[in-house]
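Notes for the structure review
Residues per chain are reported as follows:
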Amino acid sequence: MSERSQTGGSWPRTRMRRLRAAPWSRDLCRENALTAHDLIWPIFVQEDPGTSSIPSMPGVVRYGPDTLVDAVGRASDLGIPAVALFPLVADAKKSADCAEAVNPENLVCRSLRKIRDAGLPLGLICDVALDPYNSLGHDGLVVDGRILNDETVEVLARQAVVQADAGGDVQAPSDMMDGRIGAIRDALEAAGHRDQLILSYAAKYASAFYGPFRDAVGSGGSLKGDKKTYQMDPANTDEALHEVGLDLAEGADMVMVKPGMPYLDVVRRVKDRFGVPTFAYQVSGEYAMLVGAAERGWLDRDKVVLESLLAFKRAGADGILTYLAVEAAERLARG
Ligand code: PBG
């Protein structure tokens, strides 16, 4: 709030509605704006040709090798600067040691090469975490029910290098192990990937809003227990600043808060404190809430989509990962 509005005039000398009276003055005085350049599209990939739907995320599909490039091309044409890839890994390729995560021929690597070979100009963001490859559904290696930290970090560093080799531009660790940003940065440097970006899921909470995503990548059914020993307690915000500070010190270029809409206070604190490129993830459960209510006729989909995304900008996010990226960009293009 400005000094003036805190201490200055009172009605009728000040009438807040004057500036709201006409479209032109609302346009002129608007403080924040959403554009297609603010959007990152998370996209699910599968081995099988065609597409498959995800019941808990109506309207979102997984793309096969023959449909992926067209979908990504459409996003690129709309001005969306980057996509984030998430694989549906066949059960037969999941294991306790998550070996498929570091296979240079895995689904993510093949998808990256396909998009690169098509010459599409957009940024390719790769998830760094073991859950799609883990028969136990966790983001890290599990031994006797415990999620191992340092052993997991070694695998993550190899996964990041493999994904950078395959044409990824950004490695985005979503696993919340300690020390993984430093280890990934060192591994990338050692492999000659000096310009590879790291987008750290720095403040990622142990949230119930991830349910539909786990259906999409097929990790929900296998997950034993919860992720509370590595993802953050939803009650905390100082801890988020601590996490972000550590990840920046270890070499992250960009940081993320996740989930999004219920955690916009965290986005604001991170942006104010660090002033670095700050992203937020409108996660699968948020998508399901908005779209589910709209399908029932309880919300106006067009309006809530843009309003929800603008709220991220107002909170200080530089960009938003959202399953609604293409829909929002189309809507923005229409004006
Ligand atoms: C796991 C991962 C998750 C999401 C992105 N990466 C789920 C989890 O932590 O269990 C969630 C995204 C969403 O809900 O949209 N590495």
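Keep in mind that this is a model prediction, so the values were computed, not measured.

**Concerning unusual backbone geometry**
Peptide bonds are trans in most cases, and residues, glycine excluded, mostly fall at negative phi. The step from W11 to P12 runs through a cis peptide bond, and the omega angle for that step is 10°. Along the polypeptide, P12 turns up in the loop between α1 (3–7) and α2 (23–29). Residue P259 is bonded to the preceding K258 through a cis peptide linkage, with omega at -5°. Within the secondary structure, P259 is located in the loop between β10 (254–258) and α9 (264–274). For C98, which is not a glycine, the phi torsion comes out positive at approximately 55°. Structurally, C98 is set in the loop between β4 (82–87) and α4 (107–117).

**Here we look at the packing of aromatic side chains**
Going through the model one piece at a time under the given rule, you end up with nine aromatic pairs. Ring plane angle 45° and centroid distance 6.2 Å describe the contact between F44 and F86, whose orientation is recorded as tilted. Here F86 lies in strand β4 and F44 lies in strand β1 (residues 39–45), a separation of 42 residues in the sequence. Neither F44 nor F86 differs from the other in exposure class; each is buried. Connected via pairs of aromatic rings, a cluster forms that spans F44, F86, Y201, F213, Y281, Y287 and Y323.

**Looking at the site of the ligand**
Looking at the ligand, there are 17 residues lining it, with R214, K227, K258, S284 and Y323 nearest. Within the side chain of R214, a nitrogen or oxygen atom sits 2.7 Å from an oxygen atom of the ligand. S284 is positioned such that a nitrogen or oxygen atom in its side chain is 2.7 Å from an oxygen atom of the ligand. Computed on the free molecule, the ligand has an accessible area of 410 Å², of which 100% lies beneath the protein chains in the complex. Tallied by class, the residues present in the shell around the ligand amount to seven nonpolar, three polar and seven charged.

**Thoughts on the packing of helix α8 (residues 238–249) against α9**
Between α8 and α9, whose axes approach to 10 Å, the crossing angle comes to 45°. By the criterion of interaxial angle, the relationship of α8 to α9 is oblique. Of the two possible hands of crossing, α8 and α9 adopt the one that is right-handed. On the side of α8, the interface is formed by D238, A240, L241, V244, G245 and L248, while α9 contributes V266, R269, V270, R273 and F274. The class makeup of the residues in the contact of α8 with α9 is seven nonpolar, one polar and three charged.

**A short note on the pairing of β4**
Every other side chain in a regular strand lies on the same face of the sheet, so the side chains alternate between the two faces. Of all six residues in β4, six are buried, a share of seventy percent or more. Sheet topology note: the β1/β4 ladder contains six bridges and is parallel. Bridging across to β4, V45 finds its partner in P87. Of the strand pairs in this sheet, β4 and strand β5 (residues 123–128) are connected by four bridges, and their pairing is parallel. Directly across from L85, in β5, lies its bridge partner C126. Assessed by its sense of winding, the connection that carries the chain from β4 through α4 to β5 is right-handed.

**A word on the nonpolar core**
W41, F44 and Y281 are the most contacted members of the largest nonpolar core, which has 106 residues in total. Those residues in contact with W41 that lie beyond four places of it in its chain are Y63, A71, V72, A75, I80, A82, V83, A84, T322, Y323, A325 and V326.

**So, the pairing of strand β11 (residues 278–282)**
The buried fraction of β11 is high, at five of five residues. Of the two faces of β11, the one holding T278, A280 and Q282 and the one holding F279 and Y281 are both buried throughout. Pairing of β10 with β11 involves three bridges; the strand directions are parallel. Of the residues in β11, the one forming a bridge with V257 is A280. Sheet topology places β11 next to strand β12 (residues 319–322); four bridges connect them, and they run parallel. The partner of F279 across the bridge, within β12, is G319.

Parameters at a glance
Residues numbered from 1 in each chain as written. Predicted model: local features only at pLDDT ≥ 70, side-chain atom pairs only at ≥ 80, totals over all residues. Heavy atoms only, no water. Helix = DSSP H or I, 4+ residues; strand = E, 2+ residues; numbered from the N terminus. Phe/Tyr/Trp six-rings, centres within 6.5 Å; stacked < 30°, edge-to-face > 60°. Buried < 20%, exposed > 50% of the residue type's maximum accessible area, 1.4 Å probe, protein only. Near = heavy atom within 4 Å. Polar contact = N/O pair within 3.5 Å; in protein donor to acceptor, adjacent residues only side chain to side chain. Areas by Shrake-Rupley, 256 points an atom, 1.4 Å probe, with all protein chains shown as cover. Nonpolar A, V, L, I, M, F, W, Y, C, P; charged D, E, K, R; others polar. Axes fitted to C-alpha atoms, helices over the stretch in contact; angles between N-to-C directions. Parallel < 35°, antiparallel > 145°, perpendicular 65-115°, else oblique. Left-handed = near helix turned anticlockwise from the far one by under 90°. Contact = heavy atoms within 4.5 Å. Pairing = 2+ DSSP bridges. Right-handed = clockwise from strand over helix to strand, strands pointing away. Core = buried A, V, L, I, M, F, W, Y, C linked by side-chain atoms within 4.5 Å.

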